[in-house]
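Understanding the architecture of this molecule
In case you want the letters, here they are:
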Amino acid sequence: MRVDSGSKPGGEAPAVTKKAGKSGAENTLRRRLALLDLLPYGDQSGLCARVLTEKLNRDRYPCCKRTVERDLEEMDYHPVWSEVGVDIAWTPDPIQPNTRLWAHKGPCKPLLLNRASAEDALLVALMAQELQPFLPRSASSVLSAHQATSDDVLRRSGRTGHGRYHAKVRSLADGPLMHPPEIDNEHVREINEALLNDEQITLRYRAASRGVENDYRLHPVGIVKKGLFIWLIAFKEEANRLVDGARTFRLDRVVSASRRHHESVASKLPDLQTVLDSGVLAYFPKDLVALTLRSRPSRAGDELINNYRDTPLSRDQRITKLDGGFLLEAQVRDTHELLWMLQGQAHLLEVLEPPALRQKVERFVAMAAEHYAPQADVSARS
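Residues numbered from 1 in each chain as written. Predicted model: local features only at pLDDT ≥ 70, side-chain atom pairs only at ≥ 80, totals over all residues. Heavy atoms only, no water.

**Re helix α2 (residues 49-58)**
Since there are 3.6 residues in each turn of an α-helix, residues three or four apart along the chain are aligned in direction. Formally: Burial here depends on accessible area, computed with a 1.4 Å probe over protein chains only, as a share of the maximum for the residue type. Under 20% is buried, over 50% is exposed, and the range in between is partly exposed. To qualify as a helix, a DSSP run of H or I must reach at least 4 residues; to qualify as a strand, a run of E must reach at least 2; elements of each kind are numbered from the N terminus. Comment: arc refers to directions from the helix axis out to C-beta atoms.
For α2, the set of buried residues is Ala49, Leu52, Thr53 and Leu56. Down the axis of α2, the buried set is contained in an arc of 105°. They therefore lie on one face.

And the structure:
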């Protein structure tokens, strides 16, 4: 009977051999992880194998310089390390060209070596608070994996200020409503996953009329948050063809959503910005018009014009100083939102052009004056 080298007489392998091999592999892994933790990153200068060997021995990882060199070479070329995010490189020592200086590529250590700071934990908390509606399922699961660690960091003594900070910031829309309608995160993740993979989706949607639900086969273009609402923008497919014009679907009205796996969206689908430029999210959008406004000569009128300087109505907006007040000119899309805005500012802005829009504002002002006139008479008599 042939006996392997190192076996006991009679061919029985010693139990200690397997144990020593496992222990050796574990020690190698621990040493290499410690070595990666010692490597500099960012703008820091690299370290040579001799210095790294001294540091490892000081940290109770006994080894020689040649062992460290083999470890570095292994982690430099073997793909298993790059798959877990390790990316190291060497440069020649300017003083001793035959000596290699090792460091991490990029501005930071790989994630597996990073100890979460209070700032890291705060960033994760803010992402979870503000970005959930825009994360596909795959990214959401990664964020969830970091949340437990981040929550633990923010609860530690000395970190409570960071822990409270994310409760002190909020994104709110203009207007009297303060709370957005609830949406089903599972629906949102499924839709985002379809967007990530350029896949079609099947959507069951409850129309604004309430109680009426319809099924749609959609080619999604993107997701947009506008005010308090989050909208899916997509093209409908009917009878194996796309229906003209993008449609909008409020996510809080989605009853169910499912990806149509491996069924790609149409190849010539316009991008999100192109669809938004068409006015799809405006209320009852019409054509572009040349808008001309004259502000009332007053402090309030000047302040309103200054607001338009900071938040222009269009890229080509022009503001001209007049003898009294200002003239504002811009190419804008004629929508109900534009009309509502001008009605709300009718006491400070006069619409000069286009004539049709001016007439609508005039009718609004006349109706408002008529509506409030009886109330004014009652106040006068009292």
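On we go from here.
**Some remarks on helix α8 (residues 185-196)**
Inclusion rule: Here the expected span of a helix is defined as 1.5 Å times the quantity of residues minus one. Polar contact is defined as a pair of N or O atoms within 3.5 Å, subject to the rule that within protein one atom must be able to donate a hydrogen and the other to accept it, and that residues adjacent in sequence are counted only when both atoms are side-chain atoms.
Here α8 spans 16 Å end to end across 12 residues, near enough to the 16 Å set by a 1.5 Å rise per residue. Among the residues of α8, His187, Val188, Arg189, Glu190, Ile191, Asn192, Glu193 and Ala194 are the ones counted as buried. Two to three positions downstream of the cap, the backbone nitrogen of glutamate 186 sits 2.8 Å from a side-chain oxygen, assigning the N-cap of α8 to aspartate 184.

**What to know about the pattern of salt bridges**
Note the cut-off: By convention in these notes, a salt bridge is any Lys or Arg side-chain nitrogen within 4 Å of a carboxyl oxygen on Asp or Glu.
Taken as a whole and judged by the stated rule, the model has 24 salt bridges. A salt bridge links arginine 318 to glutamate 329; the shortest N-O distance between them is 3.6 Å. Of this pair, arginine 318 sits in strand β10 (residues 318-321) while glutamate 329 sits in strand β11 (residues 326-333), placing them 11 residues apart in sequence. For glutamate 329, a relative accessible area of 24% gives the class partly exposed. Each of Lys65, Arg66, Glu69 and Glu73 takes part in one network of salt bridges that share partners.

**With respect to the packing of aromatic side chains**
Keep this limit in mind: Any Phe, Tyr or Trp ring, taking Trp's six-membered ring, that has another such ring centre within 6.5 Å forms a pair; planes under 30 degrees apart are called stacked, those over 60 apart edge-to-face, and the others tilted. Whether a charge sits over a ring comes down to the Lys NZ or Arg CZ being within 6 Å of the ring centre and within 35 degrees of the ring normal.
Across all of its chains, the model carries 3 aromatic pairs by this definition. With centroids separated by 6.4 Å and ring planes inclined at 75°, the aromatic side chains of phenylalanine 229 and tryptophan 231 adopt a geometry described as edge-to-face. Among the aromatic residues, ring-to-ring pairing joins Tyr205, Tyr216 and Phe249 into one connected group. Over the face of the ring belonging to phenylalanine 229 we find arginine 250, whose NZ or CZ atom lies 4.0 Å from the ring centre. It is lysine 321 that lies over the ring of phenylalanine 326; its NZ or CZ is 4.9 Å from the centre.

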